[in-house]
Amino acid sequence: MTDIKSRKTYNDLLKLLKENADRINSKENIDLSIKIAKKDVLMDLNDKKEGISAPQLFKVDRYTGLSSLDMDYTPQQLTLYFSKETALIALLGIYSSYVSSARQQQQNYHYLLFFSPDEIVKMLAEGNRDLIESMFIVKEEASNELRSIIGKYPMNELMIMEISMSVKLQTLLSEHNLDKISLILFKVATEGHTYKIYEQIPITVVTESPFRRAIRGFRDQEKFLSNLAEALSPNGAILTALSTLNKKNKYAEADNILKAVQSLYRFVIIGDVQGWFGFNRELMNAYSKLVNSSKHTERKRAERYKGILAKLGYA
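Quantities reported herein were computed from a predicted structural model and do not represent experimental measurements.

The four strands are arranged β5-β6-β7-β8 in an open sheet whose pairing can be described as antiparallel. Every other strand in the sheet has two partners, leaving β5 (98–104) and β8 (194–206) as the edge strands with one partner each. The sheet shows a mean angle of 25° between the axes of neighbouring strands, taken without regard to direction. In terms of strand pairing, strand β7 (residues 180–191) meets β8 through 12 bridges, oriented antiparallel. The partner of S182 across the bridge, within β8, is T204. Sitting on the sheet, helix α3 (residues 117–126) is in contact with β6 (107–115) and β7, with an inclination near 125° to β7.

Here's what the structure looks like:
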């Protein structure tokens with residue numbers, strides 16, 4: 001493929017790979033284990049001259065971060081080199097892990113969802129095709145859940161909470177006989193001619209969570225979860241109010257809704273029942289603040305908060 005010209009952008013590269021897939025030649029065996037030679041980290045290589053330097057996006061922690069009790073690599077800077085086949089696998093992995101993009105404070109951010117290192121080790125160690133397929137099905141649903149709210153209100157705690165309490169994800173875990181799934185959401189932004197990782201957000205969804213145990217006394221757990229997911233939908237009253245926090249037309253009740261979500265976060269993540277009470281209290285405060293307003297739109301929002309409380313209380 002030496003006659004293929006590229007502008008050296010990721011978008012252009014992926015487009016060219018797709019258009020010329022039938023012309024790509026690859027060696028039969030690819031070894032993804034890592035070797036260290038002096039100050040170089042080699043993947044699927046015996047010599048760095050045989051491969052290419054890893055693109056900037058793969059140079060995590062500025063080449064550092066390898067720790068060992070009996071070796072002195074921790075303070076050193078090591079350069080990562082790939083074989084061409086490994087580079088292709090890595091780039092396609094990034095492409096398949098793309099979730100969404102959002103613009104915040106004059107900066108474009110891109111969100112990528114990956115399996116956590118322990119999940120990757122588990123899949124590679126077991127080599128179970130059915131397990132790997134199940135993990136990817138759940139990961140794809142997690143990407144869909146995240147994608148649905150990032151454009152509306154890219155708030156980290158809310159994203160984690162939405163994933164953790166999602167009925168659909170927990171149901172999928174049960175259907176595929178999975179106890180949990182651990183993921184990492186990367187928040188990446190362009191910086192000059194390269195990319196910088198701004199945040200790494202861990203996301204873990206478990207079948208039997210503290211949250212699940214905390215709602216065992218509720219009359220109808222599944223109905224409660226369904227109603228809660230509906231209340232936190234991207235176009236629902238709660239996320240709509242949160243989306244105005246940093247705008248000139250900020251809703252009068254926006255601060256109350258933020259406190260409500262923060263309380264609910266404690267309830268969902270660690271099963272703290274006081275968080276549930278705090279959520280109800282702040283939602284009621286939002287209702288009280290708007291119910292007697294002279295503005296029709298505010299009174300309408302008050303009724304929506306009342307409706308949320310009524311549905312969740314019934315369940």
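At their nearest, the axes of helix α4 (residues 129–150) and helix α6 (residues 167–175) sit 10 Å apart, and the two run at 180° to each other. Looking at the two axes, α4 sits roughly antiparallel to α6. Contacts from I137, V138, E141, A142 and E145 in α4 reach K168, L169, L172 and L173 in α6. Classifying every residue of the contact of α4 with α6 gives six nonpolar, no polar and three charged.

Attention shifts here to the pattern of salt bridges. Inspection of the entire model under this criterion finds 10 salt bridges. The partner of K180 in a salt bridge is E119, and the shortest N-O contact between them spans 3.2 Å. Within this pair, whereas K180 is found in strand β7, its partner E119 is found in helix α3, the two being separated by 61 residues in sequence. For K180, a relative accessible area of 31% corresponds to the partly exposed category. Residues E253 and R301 are paired through a salt bridge, measuring 2.8 Å at the closest nitrogen-oxygen approach. Of the two residues, E253 is situated in the loop between α9 (237–242) and α10 (254–270) and R301 in helix α12 (residues 296–314); the sequence distance between them amounts to 48 residues. Across this residue pair, the class does not change: E253 and R301 are buried.

This part covers α6. For α6, the full list of buried residues reads V167, L169, Q170, L172 and L173. Looking one or two residues beyond α6, the residue adopting positive phi is N177, at roughly 55°.

Take the sheet that holds strand β4 (residues 79–82) next. Pairing in this open sheet of four strands is mixed, and the strands run β1-β2-β4-β3 from one edge to the other. Two strands bound the open sheet, and with one partner strand each, they are β1 (34–37) and β3 (52–53). Judged from the four bridges that link them, β1 and strand β2 (residues 40–43) form a sheet pairing that is antiparallel. Paired with A37 across the strands is D40, a residue of β2. Strands in contact with helix α2 (residues 84–96) are β2, β3 and β4; relative to β4, the strand with the most contacts, it is inclined by about 100°.

With that settled, the discussion passes to the packing of α10 against helix α11 (residues 273–290). The interhelical angle for the contact between α10 and α11, taken along N-to-C directions, is 165°, at an axis separation of 7 Å. By the criterion of interaxial angle, the relationship of α10 to α11 is roughly antiparallel. Crossing of α10 over α11 shows left-handed handedness. On α11, the residues touching N256, I257, K259, A260, S263, L264, R266 and F267 of α10 are V273, G275, W276, G278, F279, E282, L283, N285, A286 and K289. For the contact of α10 with α11, the class distribution of residues is nine nonpolar, five polar and four charged.

As a further point, take α10. When the terminal C-alpha atoms of α10 are compared, their 24 Å separation across 17 residues agrees well with the 24 Å that a helix rising 1.5 Å per residue should span. Within α10, the full set of buried residues consists of A254, N256, I257, A260, V261, S263, L264, F267 and V268. Just downstream of α10, G271 is the residue with a positive phi angle, here 75°.

Residues shown with low pLDDT carry predicted positions that ought not to be read at fine detail. For the protein chain, per-residue confidence averages 83 on the pLDDT scale, and residues scoring 70 or more make up 89% of the total. Looking over the protein chain, one finds the lowest element-wise mean pLDDT in helix α5 (residues 156–165), namely 72, and the highest in α11, namely 95.

Thresholds, definitions, all that
- Residues numbered from 1 in each chain as written.
- Predicted model: local features only at pLDDT ≥ 70, side-chain atom pairs only at ≥ 80, totals over all residues.
- Heavy atoms only, no water.
- Pairing = 2+ DSSP bridges.
- Helix = DSSP H or I, 4+ residues; strand = E, 2+ residues; numbered from the N terminus.
- Axes fitted to C-alpha atoms, helices over the stretch in contact; angles between N-to-C directions.
- Contact = heavy atoms within 4.5 Å.
- Parallel < 35°, antiparallel > 145°, perpendicular 65-115°, else oblique.
- Nonpolar A, V, L, I, M, F, W, Y, C, P; charged D, E, K, R; others polar.
- Salt bridge = Lys/Arg side-chain N within 4 Å of Asp/Glu carboxyl O.
- Buried < 20%, exposed > 50% of the residue type's maximum accessible area, 1.4 Å probe, protein only.
- Left-handed = near helix turned anticlockwise from the far one by under 90°.
- Expected span 1.5 Å × (residues − 1).
- pLDDT = per-residue confidence, 0-100.

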